[in-house]
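Structural characterization, general
Chain by chain, the residues:
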Amino acid sequence: MGFILRGLIDSGMAERVLLLVHQSVMTKWQRELMERFSLTLPRFDRNTFHDADDLELEWSGNPWSAFPMLLASSDVARRRDRRKELLAAGPWDVVLVDNAEEARRTGSKSSGAPTKLLATLQAMKASQSCKALYVAPPAPPQMKLTDAADITAF
């Protein structure tokens, strides 16, 4: 994901970027993006923003609009009480999701209900608050064909 993100930024294809990862790896992602790709993304964590040195950053207003690029927990992004703010902050040039397993339908059929994260991504598409979506597959790959269809329909 770091190579993709760096390439999109360097080519001018992405100025507004949202990277959604699991809460447990946010700090790791932030440090690796800085160390390996010279990308400094503020981390949105528990209603505050932190830099890679874990210093709190000042901001105001809609948290999703506070910075042009940010790293946030997919857990926070999928919360219904955050969805309106997230959609209002668009359009994002690129949204990257670290684990496609979190954005799927429940059950084994394509008629299953979307997970909260998939519903959020679908709402972003419907409101045109996201221009492009990149999703990393889970490791080891555990996606079903219907999961891939939901993501690629974006």
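See above for the structure.
The sections below set out a description of the structure shown in this document. (Residues numbered from 1 in each chain as written. Predicted model: local features only at pLDDT ≥ 70, side-chain atom pairs only at ≥ 80, totals over all residues. Heavy atoms only, no water.)

Right, let's talk about the pairing of strand 6 (residues 94-97) for a bit. Burial along strand 6 is two-sided: Val94 and Leu96 and Val95 and Val97, pointing in opposite directions, are all buried. Both strand 1 (residues 17-21) and strand 6 contribute to a ladder of four bridges, which runs parallel. Paired with valine 17 across the two strands is valine 94, which belongs to strand 6. Sheet topology places strand 6 next to strand 7 (residues 133-135); three bridges connect them, and they run parallel. Bridge assignment links valine 97 to a residue of strand 7, and that residue is valine 135. (Buried < 20%, exposed > 50% of the residue type's maximum accessible area, 1.4 Å probe, protein only. Helix = DSSP H or I, 4+ residues; strand = E, 2+ residues; numbered from the N terminus. Pairing = 2+ DSSP bridges.)

Strands belonging to one sheet form pairs held by backbone hydrogen bonds; the direction of such a pair is parallel or antiparallel. A sheet is described by the order of its strands in space; here seven strands give the open sequence 4-3-2-5-1-6-7, paired in mixed fashion. Only two strands of the sheet have a single neighbouring strand rather than two, namely strand 4 (56-57) and strand 7. Where strand 1 and strand 5 (residues 69-73) come together, five bridges link them in parallel fashion. Paired with valine 21 across the two strands is serine 73, which belongs to strand 5. Contacts from helix 1 (residues 2-10) reach strand 1, strand 5, strand 6 and strand 7, with the element oriented near 175° to strand 6. (Contact = heavy atoms within 4.5 Å. Axes fitted to C-alpha atoms, helices over the stretch in contact; angles between N-to-C directions.)

Moving on to the packing of aromatic side chains. Per the counting criterion, the structure on display carries six aromatic pairs. Between phenylalanine 44 and tryptophan 59 the ring centres are 6.5 Å apart and the planes differ by 85°, which places this aromatic pair in the edge-to-face class. Separated by 15 residues along the polypeptide, phenylalanine 44 in strand 2 (residues 43-45) and tryptophan 59 in the loop between strand 4 and strand 5 bring together distant segments of the chain. Relative to tryptophan 64, the ring of phenylalanine 44 lies with its centre 5.3 Å away and its plane at 75°, an arrangement referred to as edge-to-face. Residue phenylalanine 44 is located in strand 2, and its partner tryptophan 64 is located in the loop between strand 4 and strand 5; the two are separated by 20 residues in the primary sequence. By relative accessible area, phenylalanine 44 is classed as buried at 3%. Every member of this aromatic cluster is reached through a ring pair, and the members are Phe44, Phe49, Trp59, Trp64 and Phe67. (Phe/Tyr/Trp six-rings, centres within 6.5 Å; stacked < 30°, edge-to-face > 60°.)

Let us now look at helix 4 (residues 80-88). Each turn of an α-helix holds 3.6 residues, which means side chains three or four residues apart point in the same direction. Taken together, the buried positions of helix 4 are Arg82, Arg83 and Leu86. Along the long axis of helix 4, the arc covered by the buried residues comes to 120°, so they all point the same way. Away from its buried face, by an angle of more than 90 degrees, helix 4 presents the exposed residues Asp81, Lys84 and Ala88. Contact partners of the buried residues in helix 4: strand 1, strand 2, helix 3 (74-77) and helix 5 (116-126). (Arc of directions from axis to C-beta.)

Let us now look at the pattern of salt bridges. Within this structure, the stated rule accounts for eight salt bridges. Here arginine 6 ties to aspartate 10 by a salt bridge, and the two come within 3.0 Å at their closest N and O atoms. One end of the pair, arginine 6, and the other, aspartate 10, are both in helix 1, four residues apart, so they sit about a helical turn from each other. Look at aspartate 10 and you get exposed, because its relative accessible area is 55%. Through salt bridges with shared partners, a single network forms among Arg43, Asp45, Arg46 and Asp54. (Salt bridge = Lys/Arg side-chain N within 4 Å of Asp/Glu carboxyl O.)

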